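Commentary on secondary and tertiary structure
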Amino acid sequence: MNKNMARTAVSSGDFERIAAAIDWIDAHIEAQPETPEIAAAAGLSAAHFSRLFRRWAGISPGRYLKHRTLQQASDALDRGASVLDAALTSGLSGPSRLHDLFVSMEAMTPGEYKTNAKGLLLAYDFAASPFGRVLIVCSERGIVELQFIDQAVDDAVLDDVRRRWSAARFSHTRGIADRVAEALVTGSGSLQLAPRGTNFQLKVWHALLAIPDGATARYADIAAAIGQPSAARAVGNAIGANPIAWLIPCHRVLRANGALGGYRWGPRRKATVLAWEQCQALANSDRGACNPLATSR
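Please read all numbers here as calculations on a predicted model, not as lab measurements.

As for the overall build of the protein
Looking only at helices and strands, the protein features 13 helices and 9 strands. Expressed as a percentage of its 297 residues, the buried residues of the protein come to 52%. Within the protein, contacts between residues separated by at least 24 positions form 69% of all contacts whose residues are at least 6 apart in sequence. For the protein, the exposed area adds up to about 13300 Å²; of that, 51% sits on carbon and sulfur atoms.

The following block contains the structure:
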């Protein structure tokens, strides 16, 4: 793992501390806690917590608290909807994500879908990410699955993937997951996605790709974006079936009232992924880079 990955990847224990700290910050925004108080809630010294948070997020805990305070005072949902509309009407085939990273999607062919990818060779590997350990599965065409691993052991998660791709052949190819995770964190190179889904699911996943980093949208926004405004419930089901975590950003979709809503990999991880993306946008803005949120103002 190179230095860029090392700066952002954290151990499972550290990820849990960060996730718990973000939960605690969000629950205590009105009190405007100081860093030592946040660190104590995370069970760490102020100095250790500050270093850990800055390494993970790219900004200080205090900077994140100020951002969340301002965000609560603004109409983030309306802002997110307008950003999504702008992205979808711009004619872009895919978004610029995580700095200069370009993600495109070419779904499995109807023939492959019909035969359950019989004989397809799938390479897989495990890697660290800012949100804990991940399993990444790739076909010749691109990434077909990216799964977060919680308390389950690697083999259990892999067995679940094998059941979904029962007609495919699997090969453990060391290094592919590290390369994908590095691209995610550093924004270098390009990534091709090749998920398996129905036509409706693919339309929804394409719409998710148009939500910029640091922004959010509602289920109704996605339904309207695909031209089926009355299909919010079906959209929710398609979002829940997303097989490629993080890259297809289902975590950016909130309920109509602004609540997080469900997430295949748990609400705590959803909140933490959103927080990390917002921190990256703030860090880029501090460095004078293009701010992904600028178009929403």
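Picking up after the structure, the text goes on.
Description of helix 8 (residues 154-164)
Given 3.6 residues per turn, any residue in an α-helix points the same way as the ones three and four places further on. Those residues of helix 8 lying buried are Val 157, Leu 158 and Val 161. For helix 8, the buried positions fall inside an angular range of 95° around the axis, keeping them on one side. Projecting away from the buried face of helix 8 at angles above 90 degrees are the exposed residues Asp 155 and Arg 163. Where helix 8 is buried, its residues meet strand 3 (121-129), strand 4 (132-138), strand 5 (143-148) and strand 6 (169-172).

Considering the packing of aromatic side chains
In this structure the tally under the stated criterion is 12 aromatic pairs. Residues Trp 56 and Phe 131 carry aromatic rings whose centres are separated by 6.3 Å and whose planes lie at 85° to one another, so their mutual orientation is edge-to-face. Of this pair, Trp 56 sits in helix 4 (residues 46-57) while Phe 131 sits in the loop between strand 3 and strand 4, and the two are 75 residues apart along the sequence. Seen from their ring centres, Tyr 263 and Trp 265 are 5.4 Å apart, and the 65° between their planes marks the pair as edge-to-face. Each member of the pair, Tyr 263 as well as Trp 265, is classed as buried. Put simply, the rings of Phe 49, Phe 53, Trp 56, Tyr 64, Phe 131, Phe 148, Trp 246, Tyr 263, Trp 265 and Trp 276 touch in pairs and so form one group of aromatic residues. The ring centre of Trp 165 lies 4.0 Å from the NZ or CZ of Arg 196, which sits over that ring.

Brief notes about the pattern of salt bridges
By the definition in use, this model includes 9 salt bridges. The shortest N-O distance in the salt bridge between Arg 268 and Asp 23 comes to 2.9 Å. Of this pair, Arg 268 sits in helix 13 (residues 267-286) while Asp 23 sits in helix 2 (residues 12-27), and the two are 245 residues apart along the sequence. A cluster of three or more residues bridged by salt bridges with shared partners is formed by Glu 145, Asp 160, Arg 163 and Arg 164.

Here's the deal with unusual backbone geometry
For Gln 32, which is not glycine, the phi dihedral falls at a positive 50°. Along the polypeptide, Gln 32 turns up in the loop between helix 2 and helix 3 (35-41). On the basis of relative accessibility, which here comes to 38%, the residue Gln 32 falls in the partly exposed class. For Trp 246, which is not a glycine, the phi torsion comes out positive at approximately 70°. The class for Trp 246 is buried, based on a relative accessible area of 1%.

Side note on the side chain of Gln 201
Relative to the assigned elements, Gln 201 resides in helix 10 (residues 199-209). Leave out the neighbours within four places in its chain, and Gln 201 touches Ala 238 and Ala 241.

As for the pairing of strand 4
Counting buried positions along strand 4 yields 6 of 7 residues, so the element is predominantly enclosed. Note that strand 3 and strand 4 share 7 bridges and pair antiparallel. Note that in strand 4 the partner of Ala 127 across the bridge is Val 134. Where strand 4 and strand 5 come together, 5 bridges link them in antiparallel fashion. Bridging across to strand 5, Val 137 finds its partner in Glu 145. Hairpin connection of strand 4 to strand 5: 4 residues between the antiparallel strands, including Gly 142 at a positive phi of 160°.

Observations concerning the environment of Gly 142
One can find Gly 142 in the loop between strand 4 and strand 5. We classify Gly 142 as buried; its relative accessible area is 10%.

Observations concerning the nonpolar core
Core analysis: the largest hydrophobic core is formed by 67 residues, its most contacted members being Ile 143, Leu 208 and Ile 222. When neighbours within four sequence positions are excluded, Leu 208 is seen to be in contact with Ile 222, Ile 239, Ile 248, Pro 249, Cys 250 and Val 253. One finds Leu 122, Leu 135, Ala 168 and Ala 194 within the second-largest nonpolar core, a separate group that totals 15 residues.

Here we look at the confidence of the model for the protein
Low pLDDT marks stretches whose predicted atomic positions should not be read closely. Confidence in the prediction of the protein, expressed as mean pLDDT, is 80, and 75% of residues score 70 or more. In the model, residues 90-102 has pLDDT below 50 throughout and makes 39 contacts with residues more than four positions away in sequence or in other chains. Low pLDDT, under 50, characterises residues 289-297; the stretch is placed with 15 contacts to residues that sit more than four places away or in other chains.

Calculation criteria
Residues numbered from 1 in each chain as written. Predicted model: local features only at pLDDT ≥ 70, side-chain atom pairs only at ≥ 80, totals over all residues. Heavy atoms only, no water. Helix = DSSP H or I, 4+ residues; strand = E, 2+ residues; numbered from the N terminus. Buried < 20%, exposed > 50% of the residue type's maximum accessible area, 1.4 Å probe, protein only. Contact = heavy atoms within 4.5 Å. Areas by Shrake-Rupley, 256 points an atom, 1.4 Å probe, with all protein chains shown as cover. Arc of directions from axis to C-beta. Phe/Tyr/Trp six-rings, centres within 6.5 Å; stacked < 30°, edge-to-face > 60°. Lys NZ or Arg CZ within 6 Å of the ring centre and 35° of its normal. Salt bridge = Lys/Arg side-chain N within 4 Å of Asp/Glu carboxyl O. Pairing = 2+ DSSP bridges. Core = buried A, V, L, I, M, F, W, Y, C linked by side-chain atoms within 4.5 Å. pLDDT = per-residue confidence, 0-100.

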